[in-house]
Amino acid sequence: MEDTRSPDEIGTHSIRIKPYALLLMVLWSAIVIGSLIWNIYQARQGIFEMARFQARDSFMKDVTYRHWNAGHGGVYVPVTKDTLPNPYLKVPARDVRLPSGTRLTLMNPAFMTRQVHEMALKKYGIRGHITSLNPIRPANAPDHWETAALKAFDKGESEVSSIERIGGKEYMRLMKPLITEKGCLTCHAEQGYRRGDIRGGISVSVPMESLQVVFRSNLLSMSTGHGLIYLAGLIGIVFGARRLSRQVEERKKAEEEIVRAKKEWEQTFDVVSDLIAIIDHEHKIIRVNKAMAGKLGVSPDEAIGLTCYEHVHGTQEPPENCPHSKLLADGREHCSEIYEHRLDGDFLITVTPFCNAK
């Protein structure tokens, strides 16, 4: 069929490259930004987990030396201005004096834990607090966060942790329960505790500042890496779009040349006064020029599909010396002179092979 598109219509698809390139840029931006956000989230979660490990490690050390102390029924230490007798420890022989005159006081696990926490805060900034919903020492009363954690232990939770702000700084707060053991009953039996009861808990607060430095360093590396990948992707998209545009333009020009050549051929085909027809292997007309259509008494479009020997010769099969039949037999060019009364004249018929006529 005839291609009636104009050169501009043939090349309209080239205009769509820019929107597709912009869409690809948007998608690429979303992918890179999404990847960066995910990696930042994972890195931050990694920092939180590191802080949580530190807090757990601190808790386990507290529990270990508490077991050691309780296993010895408490430990006697010299009385100093920083280590005075524990007024909340009401046991026989809490205070003793050595023959040398040195005063000793019994340090139970809770007292020792409190002093260790005070040292850890001064040296490492790690906060520790032994607490309970029913503390013997008022200073051991829980804060709001610890109260919620202790109540969670009563409901079956084995650990509570979260990022909280203390004094304007971020801390990883972690709390685990303390289970009443035999050595604990020396001080806590009068409170009604029995072995296996949750007596309270130890909360540990690890400062996030040093870990945030590591996080910021990782953040810079991730941002730089993603930025370079993003730029490389954009450059690839831009160059790819330009290359595709050039290819489309070249194709557009080639199609325009084909259209122009086709139109020129059609114009030449129709202005020739000779009778011209393109016939397929079944002797059916594929196309005729205006001169041939005029001889047949039909329009060029109406001639398509007509059988040549029926409408040219008025026969039910090809004539005996039909040059087109000979061409179909050997694939070569043939000529024949005939008089055709239906066309009112003598004609020199020439048939030439024409491949891919459609």
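Residues numbered from 1 in each chain as written. Predicted model: local features only at pLDDT ≥ 70, side-chain atom pairs only at ≥ 80, totals over all residues. Heavy atoms only, no water.

Caption draft 1: Inspection of a nonpolar patch on the surface at higher detail. On the surface, a cluster of nonpolar side chains totalling about 420 Å² of accessible area is made up of Tyr20, Leu23, Leu24 and Leu27. You can see Tyr20 is positioned in helix α2 (residues 17–71). (Patch = residues over 30% accessible without salt bridge, like charges linked within 9 Å, V, L, I, M, F, W, Y side chains within 5 Å. Areas by Shrake-Rupley, 256 points an atom, 1.4 Å probe, with all protein chains shown as cover. Salt bridge = Lys/Arg side-chain N within 4 Å of Asp/Glu carboxyl O. Helix = DSSP H or I, 4+ residues; strand = E, 2+ residues; numbered from the N terminus.)

Caption draft 2: Fine view of the pairing of strand β9 (residues 285–288). The pairing of strand β8 (residues 277–279) with β9 spans 3 bridges and is classified as antiparallel. Residue Ile279 lies in a different strand from β9, and its bridge partner there is Ile285. Connecting the antiparallel pair β8 and β9 is a turn made up of 5 residues, with His283 showing a positive phi of about 65°. (Pairing = 2+ DSSP bridges.)

Caption draft 3: Main features of the sheet that holds strand β5 (residues 160–166). Pairing is antiparallel in the open sheet, where 4 strands are placed in the order β4-β7-β6-β5. The open sheet is flanked by β4 (127–131) and β5, the only strands paired with a single partner. Taking the axes of each pair of neighbouring strands and ignoring which way they run, one obtains an average angle of 25° across the sheet. Pairing of β4 with strand β7 (residues 198–207) involves 5 bridges; the strand directions are antiparallel. (Axes fitted to C-alpha atoms, helices over the stretch in contact; angles between N-to-C directions.)

Caption draft 4: Up close: the side chain of Ser203. Its place among the elements puts Ser203 in strand β7. Side chain to side chain, Ser203 and Glu146 meet in a polar contact 2.5 Å long. Beyond its immediate stretch of four places on either side in the chain, Ser203 contacts Arg127, Gly128, His129, Trp145, Glu146, Arg173, Leu174 and Met175. (Polar contact = N/O pair within 3.5 Å; in protein donor to acceptor, adjacent residues only side chain to side chain. Contact = heavy atoms within 4.5 Å.)

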